Amino acid sequence: MKKILVVAANNYVAEVTDKEFEVSPSFVWKTVDNDDVQQGWTYVPDDNSVFDTDKVWLATDEGKRHKMVTDRQMAYGKIGDQLDALYRDLRDDTTKWVDHITAVKAATPKADRVDPLEKDTVTGE
Amino acid sequence: MATYASLKYDFGAQLSGEIPTAAIADNAVTLAKMASGTDGNIITYDASGNPAVVTTGSADQVLTSAGAGAPPTMSTAVGGGFSSMQVFTSSGTWTKPSGVKTIRIQLVGSGASGNHSGQGGAAGGYSEDVVDVTSVSTVSVTVGAAATAGNTVGATSSFGAYCSATGGAKGASARGGKPGLGADGQVNGYGGGGGWSGTGSGHGGTSYFGGGDHDSDTTREYDIGNNAYGGGGMGIENGYTQYGISRGGLVLVYEYK
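These numbers come from a predicted model, not from an experiment.

## Some thoughts on the pairing of strand β9 (residues 138-142) of chain B
All names here are of chain B.
So, point 1. Strand direction decides the pairing type here: strand β6 (residues 92-95) and β9, joined by four bridges, are antiparallel. Of the residues in β9, the one forming a bridge with T93 is S140.
So, point 2. Relative to strand β10 (residues 157-159), β9 is paired through two bridges, and the arrangement is antiparallel. Each residue of the ladder has a partner; that of T142, found in β10, is S158.

So this is what it looks like as structure tokens:
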């Protein structure tokens, strides 16, 4: 059982704590039977449950798209490092940068139901 | 040799008992010559222009004009000036000093710390309120603690049931932390959100009282906590083990008599 501080207007879980304290009227204390609950989750008054707001959002088309794009951004690496790799490829007649980008795209495919004609916002590909 | 004025005075006094104004020299009437009165009364003039007294009021009352056509009176001061303040950087109890009638509260929740995925922690929310405390003696004060470990959420600050502000959130799902929010004061606001960079460092959120620690692409000085009260900690890019810690919340109580 966890005590959570909920924003009454939108059921946002603002805090998870072991001890209640006095708060102003826009917030309410609830006790839920979910020890995994974290700040940022959403409280459901109907059945006194909570769910991971981000996890639910990431399962939507928009969320999948967001995750694919950001995963690729992180995997591509810093622009400066990429430019350095391009410079070395040109200097040494190698294809390390292209190989790296290709590997990232293969490892992080476009999410399901993303428009196949839509370009990658990072590479334009 | 007697002057004309003194002769006129002598004869006039004997005939009618009056002393002509002209017969009294300037600065001649001393306090001792005035009739006795009540301790604390003040001499004034009534609407007819005749001398009158303003009766002694109670302790701490002030002389208040009633405008033209009426004498002033002693009355309790309306409002009052700033008297003192109490600063809370950790939870406790506010106790009303003697004579304080009104307080102004400013508070922020604490910030969240950053993580190793480049996600900056958000700042705590802000709330400000003015409260009549004539019938209040003490109020419970909660101050959100700083997030001194990485990837840790901020916490709520509250001034009893009057106003509260939640702590900043940590980053998640390739974004910086969502800001805390203030509520139930006369002025309420969000803190600043945490920054995120897919391949770099994300800044800590800015609170009402100021910004987070400096951004940097090196591993120096990430965890020293040079944030403003309620500010979030910086997120450090992938590959490093450090993170920016946040600053705790703050509750300020300005007291007025």
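There's plenty left to go through after this.
## A word on the sheet that holds β10 of chain B
So, point 1. Strand order in the open sheet formed by five strands is β6-β9-β10-β11-β12 (chain B), with antiparallel pairing between adjacent strands. The open sheet is flanked by β6 and β12 (182-183) of chain B, the only strands paired with a single partner.

## Notes on the interface of chain A and chain B
Quoted interface sizes are often the accessible area lost when the parts come together.
So, point 1. Taken together, the contact pairs 22 residues of chain A with 30 residues of chain B.
So, point 2. Of the roughly 2000 Å² buried between chain A and chain B on both sides combined, carbon and sulfur atoms contribute 54%.
So, point 3. Contact with chain B buries area across many residues of chain A, yet E22, Q39 and K78 of chain A alone supply 27% of it, more than any other trio.
So, point 4. At the boundary of chain A with chain B, the tally comes to one salt bridge.
So, point 5. The salt bridge partner of R175 of chain B is D54 of chain A, with a shortest N-O separation of 2.6 Å.
So, point 6. At the boundary of chain A with chain B, the tally comes to nine residue pairs in polar contact (both at pLDDT 80 or more).

## What about the domain arrangement of chain A?
So, point 1. The assigned domain composition of chain A is domain 1 (2-54) and domain 2 (60-107).
So, point 2. Centre-to-centre, using C-alpha coordinates, domain 1 of chain A lies 40 Å away from domain 2 of chain A.

## Side note on the packing of helix α3 (residues 79-92) of chain A against helix α4 (residues 96-107) of chain A
Axis angle and axis distance: for two packed helices, these are the angle between their axes and the distance between the axes, and together they describe the pair.
All names here are of chain A.
So, point 1. Two numbers describe how α3 lies on α4: the axes approach to 7 Å, and their chain directions differ by 135°. What the angle tells us is that α3 and α4 run oblique. On the side of α3, the interface is formed by Q82, A85, L86 and D89, while α4 contributes K96, W97, V98 and I101.
So, point 2. In the contact of α3 with α4, the residues fall into five nonpolar, one polar and two charged.

## With respect to the pattern of salt bridges
Pairing between side chains becomes possible if they bear opposite charge and their charged atoms approach one another.
Residue and element names in this part refer to chain A.
So, point 1. Taken as a whole and assessed by the stated rule, the structure comprises six salt bridges over all chains.
So, point 2. Here E20 makes a salt bridge to K3, at a shortest N to O gap of 3.6 Å. Highlighted residues: E20 in the loop between β2 (12-17) and β3 (27-32) and K3 in strand β1 (residues 2-7), separated in sequence by 17 residues.
So, point 3. On the basis of relative accessible area, E20 is assigned to the partly exposed category, the value being 40%.
So, point 4. Since its relative accessible area comes to 26%, K3 is described here as partly exposed.

## Focus on α3 of chain A
So, point 1. Between the first and last C-alpha of α3 of chain A there are 20 Å, a value that for 14 residues agrees with the 20 Å anticipated at 1.5 Å per step.
So, point 2. D93 of chain A lies just past α3 of chain A and shows a positive phi near 55°.

## Some details on the pairing of β2 of chain A
Residues and elements named next belong to chain A.
So, point 1. Most of β2 sits out of view: five of its six residues are buried.
So, point 2. Sheet topology note: the β1/β2 ladder contains five bridges and is antiparallel. If you follow V7 over to β2, its bridge partner there is Y12.
So, point 3. If you look at the hairpin formed by β1 and β2, you'll find four residues sitting between the two strands, and N11 has a positive phi there, around 65°.

## A few points about the sheet that holds strand β7 (residues 102-108) of chain B
Residues and elements named next belong to chain B.
So, point 1. Taken together, five strands build an open sheet; the order of strands is β5-β14-β7-β8-β13 and the sheet is antiparallel. Edge positions in the open sheet fall to β5 (82-88) and β13 (187-189), since each of these has one partner strand only. Strand-to-strand twist of the sheet, defined as the mean angle between neighbouring strand axes without regard to direction, takes the value 15°.

## Observations concerning the nonpolar core
So, point 1. Core analysis: the biggest nonpolar cluster contains 17 residues, and W94, I103, I105, F159 and V251 of chain B have the highest contact counts within it.
So, point 2. Every element with two or more residues in this core is listed here: β7, β9, β11 (163-165) and β14 (250-256) of chain B.
So, point 3. Residues contacting W94 of chain B, with those up to four places away along its chain left out, are Q86, F88, I103, V133, V136, S137, T138, V139, V141, F159, V253 and E255 of chain B.
So, point 4. Judged by nonpolar contacts, the second largest core, of eleven residues, contains L5, F21, V23 and W29 of chain A.

## Observations concerning the environment of S113 of chain B
All names here are of chain B.
So, point 1. Turning to its location among the elements, S113 is positioned in the loop between β7 and β8 (126-132).
So, point 2. For the pair S113 and D39, spaced 74 residues apart in sequence, the C-alpha separation works out to 66 Å.
So, point 3. For S113, the residues in contact, after removing those within four places along its chain, are G121, A147, A149, G150, N151, T152, K170, G233, G244, I245 and S246.
So, point 4. A distance of 3.1 Å separates the side chain of S113 from the backbone nitrogen of N151, its partner in a polar contact.

## Some remarks on the side chain of T108 of chain A
Residues and elements named next belong to chain A.
So, point 1. Within the fold, T108 resides in the segment after α4.
So, point 2. The exposure class of T108 is buried, given its relative accessible area of 15%.
So, point 3. Not counting residues within four places of it along the chain, the set of residues in contact with T108 comprises M68, D71 and R72.

## As for unusual backbone geometry
Residue and element names in this part refer to chain B.
So, point 1. Here D60, not a glycine, exhibits a phi torsion of approximately 75°, which is positive.
So, point 2. Relative to the elements of secondary structure, D60 occurs in the loop between β2 (51-54) and β3 (62-64).
So, point 3. Taking the relative accessible area as the measure of exposure, D60 reaches 77% and is therefore exposed.
So, point 4. In the Ramachandran plot, D184 falls in the positive-phi region, its phi being about 75° despite a non-glycine side chain.

Thresholds, definitions, all that
- Residues numbered from 1 in each chain as written.
- Chains lettered and ligands numbered in written order.
- Predicted model: local features only at pLDDT ≥ 70, side-chain atom pairs only at ≥ 80, totals over all residues.
- Heavy atoms only, no water.
- Pairing = 2+ DSSP bridges.
- Helix = DSSP H or I, 4+ residues; strand = E, 2+ residues; numbered from the N terminus.
- Contact = heavy atoms within 4.5 Å.
- Buried area = accessible area lost by both parts, 1.4 Å probe.
- Salt bridge = Lys/Arg side-chain N within 4 Å of Asp/Glu carboxyl O.
- Polar contact = N/O pair within 3.5 Å; in protein donor to acceptor, adjacent residues only side chain to side chain.
- Domains from an automatic or database assignment.
- Axes fitted to C-alpha atoms, helices over the stretch in contact; angles between N-to-C directions.
- Parallel < 35°, antiparallel > 145°, perpendicular 65-115°, else oblique.
- Nonpolar A, V, L, I, M, F, W, Y, C, P; charged D, E, K, R; others polar.
- Buried < 20%, exposed > 50% of the residue type's maximum accessible area, 1.4 Å probe, protein only.
- Expected span 1.5 Å × (residues − 1).
- Core = buried A, V, L, I, M, F, W, Y, C linked by side-chain atoms within 4.5 Å.

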